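Geometric and topological summary
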Amino acid sequence: MERVAVLGAGMTRFMRRAQETGKELAWEAARMALDEAGLTLKDVECVALVSAPDAFDGVHMKGEYLADGAGATRKPFMRSFVGGGSGVFAIIHGWYHVASGHFDTCLVVAEEKMSSTMPHPQAAFNTIYDQFTERPLGVNLLWIFALEMNRYMQVHKIPLETIAQVSVKNKLNGLDHPCHQEGITPGPDLTVKDVLDSEIMVWPVHRLMVSPVTDGAAALVLASERVAKRMTDKPVWIEGVGWHLDSSYWTNRDLYYPKYVEYAARMAYRMAGITDPRKEIHVVEPYDPFAYKELHHLEGLLLADKGEAPRLLEKGVFNRDGELPSCPSGGLLGVGNPIAAAGTMKVAEIFWQLRGEAGARQVARPVKRGLAQAWGDLMQVGTVVVLGR
Amino acid sequence: MMKPQNARGVPLKDEDLKVGKVLTTEWRVKADYAWDCGIAIGRYFDGLKEGKILATRCRRCRRTVVPPRIFCEWCFKPMDEWVEVRDTGRVNTFSVSYFSWDMTPLEKPEVPAVVEIDGCSPGVGFMHLLGEVGDNLDEILRRVKVGMKVRAVWKPADQRTGAITDILYFKPEEE
Ligand SMILES: [Zn+2]
């Protein structure tokens, strides 16, 4: 198995509604990643693409539609998709191409344009539910995450104020991200009270506890050790990858704990030779489409005991200057949530953190190893990557 | 230096589309579907029509599940038997929704819940709605608790169609 490095990362601004088409967004992100890697399209041997449901765009065969913008013309090309988990699945998918020894370079592109669905992409989301037993009830996406959030809060007796603290942390972090979606953070003096006073959408979920609808793209350039050594003196390596899927009979399992995230994390830790993740992971980007999810995922990633993440949050452990900085980018709550591209933005953040290039977002502690994680489908998929330098 | 540098993208406002500041092309998808309910859900819905909740059981995994399936996804063998379970259960979790399926605001909130069904394996249930629990958040939060006992309220027998909506909702049940 070949060692695989990340040579460059790129992304567009995250926007509620972009003037650019999906193809144009993909091209902008891919171009930035290639520039940063010091490569051109000629050097790209294959392309791995992720993008969420075709229904968002109303374009079937979206992978093929996006391929030109993703640099895949006349190249081996593959699209994968695991809902919101896709953004981190993308780098796993790209890793395969290079780790297999089959290719020396792979361009990984993640694109999402959600604004085309009118008036709101929620109606497109409706088609993910079971058509016999769930859809006739009038389910929407917020329902089931509110159900999961309430279950998590009830089992561990977590106050809503603590969940609101996640929103405050990430939305304030996001102000330092040049690509953050306009208006995603009400202001630099955002408080827990503001979050709790924001509109209740589906109790216990308040508006400021949900990531917004976003257009955007992100991209990564992966290379074999042979190419990486030639191109850079500070390579970032893919040390571990893991992914795992649980049953779509989600009402038959206890939602208070994401076991599938734990299995994905264990797989990645094993590959990376990590035995004590709390000491060996120095910065983390867990998936935070909803405020509770960051805490839920930190527990699934074994970076906190079950029910302990809220307490660690209150102690400041997950702040940028804390012992285990979490979502220093601002995450989906503070930068935006273009579904498949959101996870890839997180991988890019870990890449920039490890290279010491995150500027105002750079975490205080020294970092040699970081983790990005995404999640999706019917609360059933976990995707994990560990990067190190 | 702070990465990413000079990221591109032109943000638009809804207004920009309305006033024609940028050009758009519109399309409406016309796509109707009719799904065969299949073997397991077909029989499940036959049961609902008769006012019964049917589950399937895997003896090897000692598991009784709803919604029923003809195979056990754990041991990958056929399910061993169909069993009628109760139309009562306990609230595993619930939420209070102010938005419809397409994000239209609702005046009276809906109360989705996962109900663990009596007679199924512990923790096994399905999603449905709670009813007769109040019209506003305070009242709903006062009356609905995780772990509380609930009972199905059925449509009148002559109005049932063999669908999940043959159960109107679950309502609180005295212990
Ligand atoms: Zn079985």
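Placed above this text is the structure.
Residues numbered from 1 in each chain as written. Chains lettered and ligands numbered in written order. Predicted model: local features only at pLDDT ≥ 70, side-chain atom pairs only at ≥ 80, totals over all residues. Heavy atoms only, no water.

Quick look at the state of the cysteines
All names here are of chain A. Rules: Here, a disulfide means two cysteine sulfur atoms that sit within 2.5 Å of each other. The cut-offs for exposure are 20% and 50% of the maximum accessible area for each residue type, with area from a 1.4 Å probe on protein chains only; residues under the lower value are buried, those over the upper are exposed, and the others partly exposed.
Tallied over the entire structure, the rule returns 0 disulfides over all chains. Cysteine cysteine 106 is unpaired, with the sulfur of cysteine 46 as its nearest cysteine sulfur at 3.7 Å. Free cysteine: cysteine 179, not disulfide-bonded; nearest cysteine sulfur from cysteine 327 at 16 Å. For cysteine 179, a relative accessible area of 0% puts it in the buried group.

A few points about the layout of surface pockets
What counts is decided by this rule: Points on a 1 Å grid, built from protein atoms alone, make a cavity when a 1.4 Å probe fits but cannot get out and make a pocket when they are open with protein on both sides within 12 Å along at least 5 of 7 lines; residues with an atom within 4 Å of a point are the lining residues. Grid points are joined across faces, edges and corners, and a volume is the space filled by probe spheres set on the points. Working definition: helices are DSSP H or I runs of at least four residues, strands are E runs of at least two. Numbering for both runs from the N terminus. Classification used: nonpolar for Ala, Val, Leu, Ile, Met, Phe, Trp, Tyr, Cys and Pro, charged for Asp, Glu, Lys and Arg, polar for all others including Gly.
Looking at the largest pocket, its volume works out to about 1900 Å³. Taken together, 42 residues form the lining of the largest pocket, with A:Phe56, A:Ser116, A:Thr117, A:Met118 and B:Trp27 sitting closest to its centre. Breaking the lining of the largest pocket down by element, the ones donating at least two residues are helix H2 (54-57) and helix H5 (122-125) of chain A together with helix H1 (14-18) of chain B. Among the elements that make up the lining of the largest pocket, the one with the highest residue count is H2(A) (4 residues). Across the lining of the largest pocket, the residue classes break down as 19 nonpolar, 12 polar and 11 charged. Of all elements in the fold, only H2, H5, helix H6 (141-156) and strand S10 (369-376) of chain A reach the threshold of two or more residues within the lining of the second largest pocket. Its residues placed into classes, the lining of the second largest pocket shows 27 nonpolar, 11 polar and 6 charged.

Quick notes on the sheet that holds strand S2 (residues 47-50) of chain A
All names here are of chain A. Selection criterion: We treat two strands as partners when DSSP finds at least two bridges between them. Simply put, an axis is a line fit to the C-alpha atoms, just over the touching stretch for a helix, and the angle between two N-to-C directions goes from 0 to 180 degrees.
Taking strand neighbours across the sheet as the criterion, the 9 strands line up as S3-S2-S4-S7-S1-S8-S11-S10-S9 in an open arrangement whose pairing is mixed. Strands with a single pairing partner mark the edges of an open sheet, and in this sheet they are strand S3 (77-80) and strand S9 (283-285). Here the strands of the sheet are splayed against their neighbours by 25° on average, with no regard to which way each runs. With 7 bridges joining them, strand S1 (residues 4-11) and strand S7 (residues 215-224) adopt antiparallel strand pairing. Bridged to alanine 9 within S7 is leucine 220.

Overview of the coordination of the zinc ion
Ideal geometry at a metal centre: 109.5 degrees between donors when four sit tetrahedrally, and 90 or 180 degrees when six sit octahedrally. All names here are of chain B. For the record, the criterion: Each metal's donors are the N, O and S atoms found within 2.8 Å of it, except that Na, K and Ca use a 3.2 Å limit; water is left out, so coordination can look incomplete. Tetrahedral means four donors with every angle between 85 and 135 degrees, whereas square planar (four donors) and octahedral (six donors) require angles over 155 degrees between opposite donors and between 65 and 115 for all others; sites fitting neither are termed irregular.
Bound to the zinc ion are the protein donor atoms Cys58 (SG), Cys61 (SG), Cys72 (SG) and Cys75 (SG), situated 2.2 to 2.4 Å from the metal. For the zinc ion, the 4 donor atoms are set out with angles of 100 to 115° between them, so the coordination reads as tetrahedral. Read in sequence order, the donor residues for the zinc ion give the motif C-x2-C-x10-C-x2-C. With cysteine 58 in strand S1 (residues 53-58) and cysteine 72 in the loop between strand S2 (63-65) and strand S3 (81-85), this residue pair connects regions lying 14 residues apart in the sequence. On the basis of relative accessible area, cysteine 58 is assigned to the buried category, the value being 1%.

Let's talk about the sheet that holds S2(B)
All names here are of chain B. Note the cut-off: What makes two residues a contact is simply this: any of their non-hydrogen atoms within 4.5 Å.
Within the open sheet, the 3 strands sit side by side as S2-S1-S3. Their pairing is antiparallel. Two strands bound the open sheet, and with one partner strand each, they are S2 and S3. The mean inter-strand angle of the sheet, taken between neighbouring strand axes irrespective of direction, is 35°. Of the strand pairs in this sheet, S1 and S2 are connected by 3 bridges, and their pairing is antiparallel. If you follow threonine 56 over to S2, its bridge partner there is valine 65. Helix H2 (residues 38-49) contacts S1 and S3 of the sheet and is inclined by roughly 140° relative to S1.

Quick word on empty space enclosed by the protein
Rolling a probe over the atoms, with the probe sized like a water molecule, indicates the empty space that remains. Scanning the entire structure with this criterion turns up 1 cavity of 30 Å³ or more. The volume enclosed by the largest cavity comes to roughly 40 Å³. Residue lining of the largest cavity: A:Trp250, A:Thr251, A:Arg253, A:Leu255, B:Asn92, B:Val114 and B:Gly123, and that is the complete set. Looking at the lining of the largest cavity, its residues break down into 3 nonpolar, 3 polar and 1 charged.

Quick word on the side chain of A:Ser329
All names here are of chain A. You can see serine 329 is positioned in the loop between helix H13 (309-314) and helix H14 (331-334). A relative accessible area of 0% places serine 329 in the buried class. When near neighbours in sequence (up to four residues on either side) are disregarded, serine 329 contacts Asn173, Gly174, His177, Glu285, Val335, Met345, Glu349 and Arg361.

Observations concerning the environment of B:Met103
Position of B:Met103 relative to the elements: it lies in the loop between strand S5 (96-99) and strand S6 (105-117). Setting aside anything within four residues of it in sequence, one finds B:Met103 in contact with A:His120, A:Gln122, A:Leu142 and A:Met201.

Observations regarding the interface of chain A and chain B
To keep it simple, the criterion reads: Here the quantity called buried area is the accessible surface, traced with a 1.4 Å probe, that two parts lose on coming together, added over both. Whenever a carboxyl oxygen of Asp or Glu lies within 4 Å of a side-chain nitrogen of Lys or Arg, that contact is scored as a salt bridge. The definition of a polar contact used here is a pair of N or O atoms within 3.5 Å, where within protein one atom must be able to donate a hydrogen and the other to accept one, and adjacent residues in sequence count solely through side-chain atom pairs.
Contacts between the two partners involve 59 residues from chain A and, on the opposite side, 55 residues from chain B. Across the interface of chain A and chain B, roughly 5000 Å² is buried in total on both sides, 65% from carbon and sulfur atoms. Between chain A and chain B we count 5 salt bridges in total. Its salt-bridge partner being A:Glu182, residue B:Lys13 comes within 3.8 Å of it at the nearest N-O pair. For the pair chain A and chain B, the interface holds 23 residue pairs in polar contact (both at pLDDT 80 or more). For the side of chain A that touches chain B, the secondary structure elements donating two or more residues are helix H1 (22-37), H5, H6 and strand S5 (200-203) of chain A. The biggest single contributor to the side of chain A that touches chain B is H6(A), with 8 residues. Of the residues assigned to the side of chain A that touches chain B, the class counts are 26 nonpolar, 16 polar and 17 charged. Inspection of the sheet shows S5(A) paired to S5(B) by 2 bridges, in the antiparallel sense. For A:Trp203, the partnering residue across the bridge sits in S5(B) and is B:Val96.

Examining the packing of helix H7 (residues 160-174) of chain A against helix H12 (residues 291-300) of chain A
The description of two helices packed together rests on the angle between their axes and the distance between the axes. Residues and elements named next belong to chain A. For clarity, the cut-off: Roughly parallel refers to an angle under 35 degrees, roughly antiparallel to one over 145, roughly perpendicular to one between 65 and 115, and oblique to any angle outside these ranges.
One can describe the packing of H7 onto H12 by two numbers: an axis separation of 7 Å at closest approach and a directional angle of 100°. Relative to H12, the element H7 lies roughly perpendicular. Every residue of H12 that contacts H7 at Ile163, Val166, Ser167, Lys169 and Asn170 is listed here: Ala291, Tyr292, Glu294 and Leu295. Partitioned by chemical class, the residues of the contact of H7 with H12 number 5 nonpolar, 2 polar and 2 charged.

Focus on the side chain of A:Ser115
All names here are of chain A. In this fold, serine 115 is placed in the loop between strand S4 (105-113) and H5. Here aspartate 215 takes part through its side chain, which lies 2.7 Å from a polar atom of the side chain of serine 115. In contact with serine 115, not counting residues within four places along its chain, are Arg16, Arg17, Ala18 and Asp215.

Some details on the pairing of S5(A)
All names here are of chain A. Summarising the sheet, S5 and strand S6 (residues 205-206) pair through 2 bridges and their orientation is antiparallel. Counted as the bridge partner of valine 202 is valine 205 from S6. Where S5 hands over to S6, the hairpin turn is made up of 1 residue, counted between the paired strands.

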